[in-house]
Structures are given as structure tokens and as C-alpha cells.
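One-letter residues, chain by chain:
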Amino acid sequence: MPAPLRLFLASSNPGKLHEYRLLAEDGGARIDLLADFDGFPAYEETAPTFAENAAGKAEHYSRFTNEIVLADDSGLVVPALKGAPGVYSARYAGPNAGDADRVEKVLREMRTFEGEERLAQFVCVTALARRGRAFIITSDSVEGTLTKRPVGSGGFGYDPIFFLPQIGRTYAEASREEKNRLSHRGKAFRKALALLNEPVSLAWLA
Ligand code: IMP
């Protein structure tokens, strides 16, 4: 049996790493954190699109290693807030704020919205790069609604306020397996793994 493909995640978000580890196992690959991630010059995610940030991040960190680097840019998109927090999801309540502050800010901004106005999407773009070149970029999303208060204790980020109608619970109440099966990240990453195993990718990597 061939050794599983190894990918190195460019992220300092432990929530993402946990999810990717499980997703990779299911897909016959293996994911580790990029060694010394925090020691490299940081990539500034300043682009206005998820795709540009994901590709830019993967290309940037892949210049410091010979390995395949995986980066994702993801976030919560709320039409009632004109697409916010969107690409600013990670720093929506300022640079020193935590998950609870960001959740509180979104709930505060949503307080006058009811019913369908509370629709929201999670979006994920994954990018795989090697030696400074992105060679796979995939994207997917999932639609849900925003709760009026945080519910559940699992996951990370905006999970406690994202209610997924398919399971009748929030992301934070779902098991990790359940979230991975249905989530924006799970769907986008499964597309990336499928493309990674295509002859064109394997030939380029050889
Ligand atoms: P970035 O992709 O590292 O720029 O950060 C994306 C931000 O979006 C995270 O810090 C979270 O706040 C939010 N986010 C992305 N994916 C998820 C998720 O699966 N659950 C909850 N929040 C998420």
C-alpha cells in the first residue's frame, strides 16, 4: 500500500487542525502542522476574497519548505450584515478579541433581524501549494441560520451560533464527525483530496 500523502497545515488555529486531522485520515492522507509555523514571517491576510487569501497563504508558507502546504481561508458570511464578518471573521471584534467577543458582536448586530433575515453561510477555500505555487484551490459553503444566543460547547469560532437545519442543532452541538461530514471545510477539503489524487497533480508533485 502506498504511504499516505502528507500535507502540512499553515495555521495557528487548533480548531482547524483537529478538524483537518480527522478529514485527512478519512481521505487516506495525513496532516501535521507546518513545523515552526510561528517562526516564519507571517502572511498578511489582507485580500478582499477568501480565494486570494487562501492561495496567498499557501504559496507564502510553501516557500519555506519542500513539503505540500495546505492553507484555508474561511469565515461566516451574513447577508443581513452585507456579507460581514466575511473575510474579516478572524478579527471581527479587533486584533485582541476572542471567539466570545466576536460571537457577541455578531449577535448584537443581528438583534433586530428575525426569521429568514438570520440566514448565514460558512465558506471555506482550501489551497494546496508546493515551492511557492498553488496547484489546487477548492471552495465550498454551507447554509444555516444564526441563533439568538450561543448554544453548545464544542468546536471553535462562531460554531455556537450557527444552526444547521440538516441536523437541527448548532455546529457547537454536533460531534466532530458530524460537523466534518456536513461542514464547509469538510466539503472543500474532500474536493482538494480528490484533485490531489488525480494523475495531473501526482505527476506535478513527482
Ligand atoms: P482564518 O481562515 O484563519 O482567517 O479564520 C477564519 C475565522 O472564521 C476563524 O477564526 C473563525 O472565527 C471563523 N471560522 C471559520 N471556520 C469556522 C468554523 O468551522 N466554525 C466556526 N468559526 C469558523
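This section reports on the structure supplied with the text. (Residues numbered from 1 in each chain as written. Predicted model: local features only at pLDDT ≥ 70, side-chain atom pairs only at ≥ 80, totals over all residues. Heavy atoms only, no water.)

## Comments concerning the overall build of the protein
Each helix and strand counted, the protein has six helices and seven strands in total. Over its C-alpha atoms the protein spans a radius of gyration of 17 Å, differing by no more than 12% from the 17 Å that the globule rule assigns to 206 residues. Classification of the 206 residues of the protein by burial places 49% in the buried group. Long-range contacts, defined as pairs at least 24 residues apart, comprise 60% of the intrachain contacts of the protein with a sequence gap of at least 6. Looking at the protein as shown, the accessible area adds up to about 10,300 Å², and 53% of this sits on carbon and sulfur atoms. The positive charge centre, built from 26 side chains, and the negative charge centre, built from 27, are 1 Å apart in the protein. (Helix = DSSP H or I, 4+ residues; strand = E, 2+ residues; numbered from the N terminus. Rg over C-alpha atoms; globule rule 2.2 N^0.38 Å. Buried < 20%, exposed > 50% of the residue type's maximum accessible area, 1.4 Å probe, protein only. Contact = heavy atoms within 4.5 Å. Areas by Shrake-Rupley, 256 points an atom, 1.4 Å probe, with all protein chains shown as cover. Lys, Arg positive; Asp, Glu negative; His and termini not counted. Charge placed at Lys NZ, Arg CZ, Asp CG, Glu CD.)

## Topic: the sheet that holds strand S1 (residues 5–9)
Strand order across the open sheet formed by seven strands is S2-S1-S3-S4-S5-S6-S7, with mixed pairing between neighbours. Edge positions in the sheet fall to strand S2 (29–33) and strand S7 (169–170), since each of these pairs with one other strand and no more. When S1 meets S2, the two strands line up parallel, connected through five bridges. Along S2, the bridge assignment pairs Leu-5 with Ala-29. Here helix H2 (residues 50–62) sits on the sheet and contacts strand S3 (68–77), strand S4 (119–130) and strand S5 (133–146); the angle it forms with S3, its principal contact strand, is near 155°. (Pairing = 2+ DSSP bridges. Axes fitted to C-alpha atoms, helices over the stretch in contact; angles between N-to-C directions.)

## What to know about the environment of Val-106
On the secondary structure map, Val-106 appears in helix H3 (residues 99–109). Judged by its relative accessible area of 0%, Val-106 is buried. Residues Val-106 and Val-78, spaced 28 residues apart in sequence, show a C-alpha to C-alpha distance of 9.3 Å. Those residues in contact with Val-106, other than ones at most four positions away along the chain, are Leu-81, Pro-85, Tyr-92, Leu-146, Tyr-158 and Ile-161.

## Points about the layout of surface pockets
The calculated volume of the largest pocket comes to roughly 900 Å³. If you trace the largest pocket, you find 37 residues lining it, with Asn-13, Lys-16, Glu-45, Lys-57 and Ala-90 closest to the centre. Put simply, the parts of the chain that give the lining of the largest pocket at least two residues each are helix H1 (14–26), H2, S3, H3 and helix H5 (184–196). By residue number, the principal contributor to the lining of the largest pocket is S3, which donates four residues. Class assignment for the residues of the lining of the largest pocket results in 14 nonpolar, ten polar and 13 charged. (1 Å grid on protein atoms, 1.4 Å probe; cavity = no way out; pocket = protein on both sides within 12 Å on 5 of 7 lines; lining within 4 Å. Points joined across faces, edges and corners; volume = space filled by probe spheres on them. Nonpolar A, V, L, I, M, F, W, Y, C, P; charged D, E, K, R; others polar.)

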